[in-house]
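For reference, the chains in residue letters:
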Amino acid sequence: MTRLKALNPEETTGKTKELFNAIQGKLGMVPNMMRTMGNSPALLEGYMNFSGALAHGTLGAKTGELLALAVSETNVCDYCLSAHSFIGEKLVHIDANTLQNARNANAADAKTDAALKFANIVVNKKGLVNDADVNAVKVAGLSDGEIGEIIGHVALNILTNYFNNISKTVVDFPEVHAGAAV
């Protein structure tokens, strides 16, 4: 049972209605996570702005989705695993094997693999990484700016993972469960 209420987009007003209309226009629907975040227009707008900014980063949509899967698996967030598996496959056109491997912080491409492993190190060490951790991702060819973006993706996904785990958001994508056949 959910802990926080998902708002009905037809019943909202003000800033929440404006944000829901923008989401509806972009996605054709307002996912339950955003409907629940809509209880706080400040939170929903902040999430949308941060997500939008990272979408224009140098890492790209594919790496962003793979990072989301790695972080969401670590944080045991079924909602985000479900959403990013769907988005990764249907919108970004990532194959199922690559999506599955990302959940274990593995990728065929060395640079992407280093990014995923670094993201999990950041999560597991709560940001208290050491010089060797940073040097390993640099040796793999990631710039300081790309490392910053990885940290941004980690932070964004921790926000959504914790939000969904706490609110027990109803999954409105084909369900994927943490730890399942990983």
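Up top is the structure.
Not measured: the values here are computed from a predicted model. (Residues numbered from 1 in each chain as written. Predicted model: local features only at pLDDT ≥ 70, side-chain atom pairs only at ≥ 80, totals over all residues. Heavy atoms only, no water.)

(A) Spotlight on the overall build of the protein chain. If you tally the helices and strands in the protein chain, you get nine helices and zero strands. Computed over its C-alpha atoms, the radius of gyration of the protein chain comes to 16 Å, within 12% of the 16 Å expected for a compact globule of 182 residues. Seen through its principal axes, the protein chain has C-alpha atoms that stretch 50 × 35 × 30 Å. Taken across its 182 residues, the protein chain has 42% of its residues classed as buried. Contacts in the protein chain between residues at least 24 apart in sequence constitute 72% of all its contacts with a sequence separation of at least 6. A total of about 9,200 Å² of accessible surface is found on the protein chain, and carbon and sulfur atoms cover 57% of it. (Helix = DSSP H or I, 4+ residues; strand = E, 2+ residues; numbered from the N terminus. Rg over C-alpha atoms; globule rule 2.2 N^0.38 Å. Buried < 20%, exposed > 50% of the residue type's maximum accessible area, 1.4 Å probe, protein only. Contact = heavy atoms within 4.5 Å. Areas by Shrake-Rupley, 256 points an atom, 1.4 Å probe, with all protein chains shown as cover.)

(B) Region of interest: the packing of aromatic side chains. Per the stated rule, a full pass over the model turns up two aromatic pairs. Centroid distance Tyr79 to Phe173: 6.0 Å. Interplanar angle 80°. Geometry classified as edge-to-face. Residue Tyr79 is found in helix H5 (residues 78-91), and its partner Phe173 is found in the segment after helix H9 (144-167); the two are separated by 94 residues along the sequence. Like Phe173, Tyr79 is buried. When the centroid spacing of 5.6 Å and the interplanar angle of 45° are considered together, the rings of Phe86 and Phe173 count as tilted. Linking Phe86 in helix H5 with Phe173 in the segment after H9, this pair joins segments that are 87 residues apart in sequence. Exposure remark for Phe86: the relative accessible area of 29% places this residue in the partly exposed category. Members of the aromatic cluster, each reached through a chain of ring pairs, are Tyr79, Phe86 and Phe173. (Phe/Tyr/Trp six-rings, centres within 6.5 Å; stacked < 30°, edge-to-face > 60°.)

(C) Here's a closer look at unusual backbone geometry. Phi is positive for Val76, which is not a glycine, with a value near 55°. Looking at Val76, the relative accessible area reads 53%, which means it is exposed.

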